[in-house]
Amino acid sequence: MNWYRLIGVDDRVLANVDPQHNERQSYILSMIGIMITVIPFICFLSSIVLAAPIFQSWIVGIFIGLFLGLVVFNLYRLFVMTALDVSGTALESYYTHHEKHFDANIDVNQDYSQLTDQDLIKIANDSIVKLRKKTSLDAGHSKITFEHLLTMVFRVLILSTIAIIFASGIELFLFKNQINNTIQEVITLYQNQNNTEALNVYFANNGEGLMFKTNSILFLLQVLIKGLGVWKFVIDIIFIIIFLIPLAIIFKSMELKKSEYVQELALFEIETTFLHYLRTQKLCNEITNKIAIEYNYDFLKAPTSNNEQ
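Rules of the game
- Residues numbered from 1 in each chain as written.
- Predicted model: local features only at pLDDT ≥ 70, side-chain atom pairs only at ≥ 80, totals over all residues.
- Heavy atoms only, no water.
- Salt bridge = Lys/Arg side-chain N within 4 Å of Asp/Glu carboxyl O.
- Helix = DSSP H or I, 4+ residues; strand = E, 2+ residues; numbered from the N terminus.
- Buried < 20%, exposed > 50% of the residue type's maximum accessible area, 1.4 Å probe, protein only.
- Polar contact = N/O pair within 3.5 Å; in protein donor to acceptor, adjacent residues only side chain to side chain.
- Contact = heavy atoms within 4.5 Å.
- Phe/Tyr/Trp six-rings, centres within 6.5 Å; stacked < 30°, edge-to-face > 60°.

Asks: Please provide a residue-by-residue account of the pattern of salt bridges, values included.
Replies: This structure, assessed with the given rule, holds five salt bridges. In this structure, the salt-bridge partner of glutamate 171 is lysine 232, at a minimum N-O distance of 3.3 Å. With glutamate 171 in helix α7 (residues 146–174) and lysine 232 in helix α11 (residues 230–252), this pair connects stretches of sequence that are 61 residues apart. The same class applies to glutamate 171 as to lysine 232, namely buried. The partner of aspartate 236 in a salt bridge is lysine 232, and the shortest N-O contact between them spans 2.9 Å. Taken together, the residues span about one helical turn, with aspartate 236 and lysine 232 both in helix α11 at a distance of four residues. Residue class for aspartate 236 comes out buried when judged on its relative accessible area of 10%. A relative accessible area of 10% means that lysine 232 is categorised as buried. Linked by salt bridges that have partners in common, Glu171, Lys232 and Asp236 make up one network.

As structure tokens, then:
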């Protein structure tokens, strides 16, 4: 299975990569795709553990788990695909300012209303061939700018927060028996004190709740934190590292930074926007010519139309 499709890798773009490098880059992108699939699955399981005791329903817990798992999956795809850029290459200036490519390939004297859509596609394709030759495929050593640093910090903070939240669910599941034993001792203490109010508020069905002997997630987290102590911090760090591995690979792997796929993806996006720009120019020329013919404004007519007359 081509796992790279899960992160939004376009087969049409990948097909433009040199066959000698295509297989290797497909493998690397597939590995990232697998990692980005495993992490949301962890979030899915964690969400069930956190939601089921609150709502006292496995069905509700599963639906919440699916929803949060999909949210994390799409958020991860966003972070990964936006990290695959051409910063530090000769193509960066064209990618960040598409107008630079438009200005170099647009003919202001051309009446685009006379061209078919196939003609416009050919113009866009030819311009990308020229740009591919003009720009170097070697990424070189990109400088870390303030913008890059800021986006990197933002990604790390968001993913670390997500890791800590969902790590708690996995930890609750791993230490379920010990937590339930502790809760049972608390229940017994409240029963001996005839504290029915606390029993009704914090403990579901007198300690016969779903998975845990309480329906209070805050109480569960309190028991977990006090029970694990410093180990809670250690386990959270491990989960943060797991969640940040795909992002670290994207930022640190020169094989990805220099990959032809990243270059071809940027060229594909530039070509797409240029084609839409040409179609817009064609529509503008058609409207201008119609106005010129209707009101006999010769100065509005496109240069090509004037020459024909």
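Read on for the rest.
Asks: Kindly report on the side chain of asparagine 285, identifying the contributing residues and their values.
Replies: Among the secondary structure elements, asparagine 285 is positioned in helix α13 (residues 260–295). For asparagine 285, a relative accessible area of 15% gives the class buried. A polar atom in the side chain of asparagine 285 sits 2.8 Å from the backbone nitrogen of tyrosine 112. In this structure asparagine 285 touches Gln110, Asp111, Tyr112 and Ser113, once residues within four positions along its chain are discounted.

Asks: Explain the packing of aromatic side chains to me, and be specific about the residues and the numbers.
Replies: Enumeration according to the criterion identifies five aromatic pairs in this entry. Geometrically, the ring pair formed by tyrosine 76 and phenylalanine 243 is tilted, given 6.4 Å between the ring centres and 55° between the ring planes. With tyrosine 76 in helix α3 (residues 58–83) and phenylalanine 243 in helix α11, this pair connects stretches of sequence that are 167 residues apart. Note on phenylalanine 102 and tyrosine 277: the rings are 4.6 Å apart at their centroids and 10° apart in plane angle, and the pair reads as stacked. Remark: tyrosine 277 occurs in helix α13 and phenylalanine 102 occurs in helix α5 (residues 98–105); sequence separation between them is 175 residues. On the basis of relative accessible area, phenylalanine 102 is assigned to the buried category, the value being 9%. An aromatic cluster is built from Phe102, Phe274 and Tyr277, whose rings are joined through pairwise contacts.

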